[in-house]
Every structure is written in structure tokens, then in C-alpha cells.
Amino acid sequence: MVRTMSLPDELQRIFDADRVLLKAESALLHKKGSEELITLLERETHGALQMEDRKEGGMRLERLADLCAQVPGPRMTDALIAILDDGEPRVRVAAGEALRDLGYERYAEVARGIERALDRNADGIAMSELPWVLAEIAEPSALPLIRRFLDHPSAEVVAAAIEALAQMQDPEALADLERFVGDERIVTIEDFEDETKTTLGELAEDALEMLGVRQRSKD
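Here we summarise the structure given alongside this text. Treat the numbers as computed from the prediction; the structure is a model and nothing was measured.

Comments concerning the overall build of the protein chain
Turning to step 1, where the next piece is worked out: When you go through the protein chain residue by residue, the secondary structure sums to 11 helices and two strands.
Turning to step 2, where the next piece is worked out: In the protein chain, the order of α-helices and β-strands from amino to carboxyl end is α-α-α-α-α-α-α-α-α-α-β-β-α.
Turning to step 3, where the next piece is worked out: Along the first, second and third principal axes, the C-alpha set of the protein chain runs to 75 × 45 × 30 Å.
Turning to step 4, where the next piece is worked out: The buried share among the 219 residues of the protein chain stands at 39%.
Turning to step 5, where the next piece is worked out: Considering only intrachain contacts with a sequence separation of at least 6, the fraction spanning at least 24 residues in the protein chain is 59%.
Turning to step 6, where the next piece is worked out: If you sum the accessible surface of the protein chain, you get close to 13000 Å²; carbon and sulfur atoms cover 52% of it.

Some points on the side chain of T45
Turning to step 1, where the next piece is worked out: In this fold, T45 is placed in helix α2 (residues 35-50).
Turning to step 2, where the next piece is worked out: On the basis of relative accessible area, T45 is assigned to the buried category, the value being 2%.

A few points about helix α11 (residues 200-210)
Turning to step 1, where the next piece is worked out: What α11 keeps buried is the set L200, G201, L203, A204, E205, A207 and L208.
Turning to step 2, where the next piece is worked out: Positive backbone phi, at 75 degrees, marks G212, one or two positions downstream of α11.

So, the packing of α2 against helix α4 (residues 74-84)
Turning to step 1, where the next piece is worked out: Two elements in contact, α2 and α4, have axes separated by 10 Å at closest approach and are oriented at 15 degrees. One finds that α2 runs roughly parallel with respect to α4. As α2 packs across α4, the resulting crossing turns out to be left-handed. Only R75, M76, A79, A82 and I83 of α4 make contact with α2, whose side of the interface consists of E35, I38, T39, L41, E42, T45 and L49.
Turning to step 2, where the next piece is worked out: For the contact of α2 with α4, the residue count by class is seven nonpolar, two polar and three charged.

Some remarks on helix α7 (residues 125-137)
Structural remark: α-helix, 3.6 residues per turn; residues separated by three or four positions point the same way.
Turning to step 1, where the next piece is worked out: In this model α7 runs 19 Å from its N-terminal to its C-terminal C-alpha over 13 residues, within 8% of the 18 Å that 1.5 Å per residue would give.
Turning to step 2, where the next piece is worked out: The first or second residue beyond α7 is A138, which carries a positive phi of 60 degrees.

Side note on the environment of L7
Turning to step 1, where the next piece is worked out: Inspection of the secondary structure assignment puts L7 in helix α1 (residues 7-28).
Turning to step 2, where the next piece is worked out: Remark: the alpha-carbon pair of L7 and S141, spanning 134 residues in sequence, is separated by 51 Å.

Concerning a nonpolar patch on the surface
Turning to step 1, where the next piece is worked out: On the surface, L11, I14 and F15 cluster together into a nonpolar patch covering about 280 Å² of accessible area.
Turning to step 2, where the next piece is worked out: Note that F15 resides in helix α1.

Topic: a negative patch on the surface
Turning to step 1, where the next piece is worked out: Among the surface-exposed residues, E156, E190, D194 and E195 lie close enough to one another that they form a single negatively charged patch.
Turning to step 2, where the next piece is worked out: Residue position: E195 is located in strand β2 (residues 194-199).
Turning to step 3, where the next piece is worked out: Under the relative-accessibility criterion, E195 is labelled exposed at 55%.

Criteria and thresholds
- Residues numbered from 1 in each chain as written.
- Predicted model: local features only at pLDDT ≥ 70, side-chain atom pairs only at ≥ 80, totals over all residues.
- Heavy atoms only, no water.
- Helix = DSSP H or I, 4+ residues; strand = E, 2+ residues; numbered from the N terminus.
- Buried < 20%, exposed > 50% of the residue type's maximum accessible area, 1.4 Å probe, protein only.
- Contact = heavy atoms within 4.5 Å.
- Areas by Shrake-Rupley, 256 points an atom, 1.4 Å probe, with all protein chains shown as cover.
- Axes fitted to C-alpha atoms, helices over the stretch in contact; angles between N-to-C directions.
- Parallel < 35°, antiparallel > 145°, perpendicular 65-115°, else oblique.
- Left-handed = near helix turned anticlockwise from the far one by under 90°.
- Nonpolar A, V, L, I, M, F, W, Y, C, P; charged D, E, K, R; others polar.
- Expected span 1.5 Å × (residues − 1).
- Patch = residues over 30% accessible without salt bridge, like charges linked within 9 Å, V, L, I, M, F, W, Y side chains within 5 Å.
- Salt bridge = Lys/Arg side-chain N within 4 Å of Asp/Glu carboxyl O.
- Lys, Arg positive; Asp, Glu negative; His and termini not counted.
- Charge placed at Lys NZ, Arg CZ, Asp CG, Glu CD.

This is the structure we're talking about:
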């Protein structure tokens, strides 16, 4: 006869599992800068991104995002950006938060990782997420880096950069926003579970309005 565990027993299992997890993580990260650990995390990240079982892959990527953020070095930043390119929203949230928290502590590592992604002309979901990461960190040097996203061939990436500039509300971004007024490229903007179509020009006008420069023209 199978014994059904009581609710207190089930809760205790969760506490025990958390204790085992913390102990295992501490042992894994004992030598943070070791080549063996960095290679392992890189390999596991690549493997999880390629897994056919996306539920299992997503679970692993969420954990890997947390682990990679705790290991210094450019290869781990690149791994986080790769995780940020995953199609699962929960995974991207985990990677974005990890990059943001890493940026608060070691901004130069994040900035250089983003520069590498831009230098290799990366395209994908991550390139639409990175301007937001920079805007949340809000370092003074973030503005020149976000400007580079404005020249990306993807209109969706440009839209993310425009919105990130609006969030930062830096007066130095006025000229960057002005150049997109009248841009008729259509983009999709996600707002929680809703999606709306707009143009880059309309986004730029909204951003300028937020900065108190102009009012949207009315038909």
C-alpha cells in the first residue's frame, strides 16, 4: 500500500530539497574562475538551448542563468546573452534579471558582452531585450551603447532601443529620437498579453512627448 504524504511532509520535502540545492550550488561554485567550471556551464547552456524537450531545457536555462551570473568573465556574459535569446519568456526573464544584477555589480563585463553581440551583427530576441537591460541598469555610459541598437537592421530591435531611450529620459537622446520621426516601418509592441502595431515614427514621437519636447500630432 502506497502511503500518501501529508501536506506538512510535502512542505518538508521542499525545505530539504532547497537545502540540498544550496549545498550543491556552493560546491559547484567553490572555484568560480576555473576553466573547468566555465567550460561546463558553456557546454550545458548550449545543450539546454538545443534540447527538444523545451520544458526541461527551459528549467535548466533558468538555473544556468543564475549560475553564469555568479561566475566572472566574458564567456559567462556571452552565455547569458545566448540564454536571453531563448523563445520561452520565463527563460528570458531569468537571463535579463541575471544580466541586470550583474550589470549593477560589474557593468563593464555586461557592456563588453553587449558590444560583442553588436560587433558580430547578432540578430534575434536577445537584441530586442538588451536595450531594456541597459536602461534598467541606467549607467551614464549606457546611452552610447543603446545608440548602436538604433542602427540595427531589424525594426523590432530599433523599436526596443527607442523605448529604452524613452525610459531613461536622457535629454542627450533627443537628437537620436528626432531622426526616427516619420519612420513608417511597422513594429509590434507587446504590453503584457496584448500586442499592438505601430510605426517607429509614432514610437519616437511618444518618446519625445515623454521627454516633454513635443505633443503627438493629432489627425
